[in-house]
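Now for the letters of each chain:
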Amino acid sequence: MTRRLSLGMVGGGQGAFIGAVHRLAARMDDHYELLAAALSADPANARASALALGLDPARAYEDYAKMAQAEAARPDGIEVVAITTPNHLHAPVARAFLEAGIHVICDKPLALTLAEGEELARLARQQRRLFALTHTYSGYPMVRHARELVAAGELGELRYVQVEYLQDWLANPIPPGQNKQADWRADPARAGRAGCLGDIGTHAYQLAAFITGQLPSELAAELHSFVPGRLVDDHLQVWLRYPNGMRGSLNASQVASGEENRLQIRLYGDKASLIFRQEEPNALWLTPIGGASQRLTRGRVESAAARHASRVPAGHPEGYLEAFAQLYTDAALQIHALAAGLAPPPESLALTTVEDGVAGMRFIEASLASHAAGRWLKIS
């Protein structure tokens with residue numbers, strides 16, 4: 001077995017959702033050992049959360065900056081940090097650990113502004129450190145198979161992509177203090193100017209880019225807040241134009257009554273179409289023009305990419321946690337390769353990185369600007 005990487009975590013203490021997901025993902029394929037953490041901005045919660053996880057009290061930090069400095073100075077210091085904080089801390093925390101020479105695995109969106117994101121990308125290149133971004137859905141085997149089908153020309157020339165991400169968990173006002181996740185997501189100081197756009201719109205945008213291998217050059221966006229008094233958007237619709245002539249539409253909503261977590265993509269080429277639904281992640285629908293729809297399943301496709309991202313035999317479902325774990329596994333493969341001075345293993349190159357995060361920030365800023373201007377704009 002490959003040596004486990006020493007892992008630290010910032011954010012994700014008691015009362016948080018995503019921190020536990022990161023910890024499960026890191027443990028699933030046995031590539032990491034959690035050794036240090038600054039799990040909350042509240043010192044008491046940070047310490048209590050770390051001790052509850054069985055961490056050494058000497059490595060239960062109350063401040064992420066002190067953690068970065070202390071771990072960099074230790075001969076057995078952490079090699080990689082997971083950042084699971086609200087959005088406004090992504091950039092400063094990542095910067096502190098990159099400057100300390102520590103690899104980064106960070107939640108999306110990358111930062112609050114494009115300028116912050118571009119600075120992080122430059123710093124990661126300068127420090128020669130991996131910076132992975134957890135766009136979870138790119139870890140699904142059938143998403144990776146869909147990408148292979150497109151790259152192999154099975155759909156022909158791409159004409160139209162339609163991607164949507166619909167939820168209803170913010171459909172009604174949530175009083176402050178009742179839901180920690182809703183509190184910070186509705187606060188522009190912590191979430192940024194983009195609410196639904198930054199939270200799930202970026203997932204939809206990344207999924208379309210991941211499968212098609214293309215980024216749009218222009219967009220027209222309309223953002224809206226349906227819940228009275230909400231300071232960030234909770235619904236958006238975006239039209240996309242691509243350099244090759246393809247057209248696209250992206251819809252995201254956190255007020256779509258009755259929807260749980262419906263991330264879906266439809267892609268149409270001049271030879272065939274495909275459909276992937278996140279709530280049924282082990283299947284992909286492929287339909288040739290004039291032919292019958294084919295339901296492709298994870299355990300039956302001939303695909304190196306799908307096999308690399310699979311863990312269990314055919315007929316056993318793999319889902320969200322396994323997809324998240326795949327990102328951690330690919331990050332571990334690349335970090336070990338960097339340490340050995342080798343090229344990253346080809347099978348790990350589907351990992352989403354800081355560059356994908358920068359693309360997401362360009363999408364956010366162009367969407368905000370287009371909405372404000374009421375017209376199509378180029379994506380810088």
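Please refer to the structure placed before this passage.
In short, a report on the structure. (Residues numbered from 1 in each chain as written. Predicted model: local features only at pLDDT ≥ 70, side-chain atom pairs only at ≥ 80, totals over all residues. Heavy atoms only, no water.)

Once that is clear, we can look at the overall build of the protein. A tally of helices and strands in the protein yields 12 helices and 14 strands. Taking 21 Å as the expected radius of gyration for a compact globule of 380 residues, we find that the protein reaches 20 Å, a close match to that expectation. For the protein, the spread of C-alpha atoms along the three principal axes comes to 65 × 50 × 40 Å. In the protein, buried positions account for 53% of the 380 residues. Pairs at least 24 apart in sequence give 69% of the contacts found in the protein among residues at least 6 apart. Total accessible area computed for the protein in this model is approximately 16,100 Å², and 52% of it derives from carbon and sulfur atoms. If the 36 positive side-chain charges of the protein are averaged to one point and the 40 negative ones to another, these points end up 3 Å apart. (Helix = DSSP H or I, 4+ residues; strand = E, 2+ residues; numbered from the N terminus. Rg over C-alpha atoms; globule rule 2.2 N^0.38 Å. Buried < 20%, exposed > 50% of the residue type's maximum accessible area, 1.4 Å probe, protein only. Contact = heavy atoms within 4.5 Å. Areas by Shrake-Rupley, 256 points an atom, 1.4 Å probe, with all protein chains shown as cover. Lys, Arg positive; Asp, Glu negative; His and termini not counted. Charge placed at Lys NZ, Arg CZ, Asp CG, Glu CD.)

Right, let's talk about the nonpolar core for a bit. Residues Phe97 and Phe131 are the most contacted members of the largest nonpolar core, which totals 80 residues. The contact partners of Phe131, leaving out residues within four places of it in the chain, are Ala94, Leu98, Val104, Cys106, Leu110, Leu120, Ala124, Thr353 and Val354. Core analysis: the second largest hydrophobic core is formed by 26 residues, Val21, Leu39, Ala50 and Phe324 among them. (Core = buried A, V, L, I, M, F, W, Y, C linked by side-chain atoms within 4.5 Å.)

Moving on: unusual backbone geometry. Following Lys108, the chain continues into Pro109 via a peptide bond in cis, with omega recorded as -5 degrees. Its place among the elements puts Pro109 in the loop between strand E4 (103-106) and helix H5 (114-127). If you check the backbone angles, Asp30 has positive phi at about 65 degrees while not being a glycine. By secondary structure assignment, the location of Asp30 is in the loop between helix H1 (18-28) and strand E2 (32-38). According to the relative accessible area criterion, Asp30 is partly exposed, its value standing at 28%. Even without being glycine, Arg128 reaches a positive phi, approximately 55 degrees. Along the polypeptide, Arg128 turns up in the loop between H5 and strand E5 (131-133). Residue classification places Arg128 among the exposed positions, given a relative accessible area of 64%.

The next thing to look at is the packing of helix H4 (residues 90-99) against H5. Look at H4 against H5: their axes get within 10 Å of each other, and the N-to-C directions meet at 15 degrees. On the basis of their axis angle, the class for H4 and H5 is roughly parallel. Along this stretch, H4 crosses H5, giving a crossing that reads as left-handed. On H5, the residues touching Ala91, Ala94, Arg95, Leu98 and Glu99 of H4 are Glu116, Glu119, Leu120, Leu123, Ala124 and Gln127. (Axes fitted to C-alpha atoms, helices over the stretch in contact; angles between N-to-C directions. Parallel < 35°, antiparallel > 145°, perpendicular 65-115°, else oblique. Left-handed = near helix turned anticlockwise from the far one by under 90°.)

Time to look at the sheet that holds strand E3 (residues 80-83). In spatial order, the strands read E2-E1-E3-E4-E5; together these 5 strands make up an open sheet with parallel pairing. At either end of the open sheet lies a strand with only one pairing partner, and these are E2 and E5. Across the sheet, the mean angle separating the axes of adjacent strands is 25 degrees when strand polarity is ignored. As defined by bridge partners, strand E1 (residues 5-10) adjoins E3 across 4 bridges and the pair is classed as parallel. When the sheet's bridge partners are listed, Gly8 is paired in E3 with Val81. (Pairing = 2+ DSSP bridges.)

Looking at where Ala306 falls in the secondary structure, it is placed in helix H10 (residues 304-308). The class for Ala306 is buried, based on a relative accessible area of 1%. Residues within four places of Ala306 in sequence aside, it is in contact with Pro141, His145 and Val301.

Here helix H3 (residues 64-73) has its buried residues at Met67, Ala68 and Glu71. Taken around the axis of H3, the buried residues stretch over an arc of 100 degrees, which confines them to a single face. Among the exposed residues of H3, those oriented more than 90 degrees off its buried face are Lys66, Gln69 and Ala73. The N-capping residue of H3, defined by a side-chain oxygen 3.0 Å from the backbone nitrogen of Ala65, is Asp63. (Arc of directions from axis to C-beta. Polar contact = N/O pair within 3.5 Å; in protein donor to acceptor, adjacent residues only side chain to side chain.)

Time to look at the packing of aromatic side chains. Taken as a whole and judged by the stated rule, the model has 8 aromatic pairs. On the basis of an interplanar angle of 45 degrees and a centroid distance of 6.4 Å, the ring pair of Tyr137 and Tyr320 is categorised as tilted. Highlighted residues: Tyr137 in the loop between E5 and helix H6 (141-151) and Tyr320 in helix H11 (residues 320-340), separated in sequence by 183 residues. A ring pair is formed by Tyr320 and Phe324, whose centres lie 5.9 Å apart and whose planes are at 75 degrees; its orientation type is edge-to-face. Linking Tyr320 with Phe324, this pair stays in helix H11, spanning 4 residues, or about one helical turn. Take Tyr320: its relative accessible area is 26%, and that puts it in the partly exposed class. Since its relative accessible area comes to 1%, Phe324 is described here as buried. (Phe/Tyr/Trp six-rings, centres within 6.5 Å; stacked < 30°, edge-to-face > 60°.)

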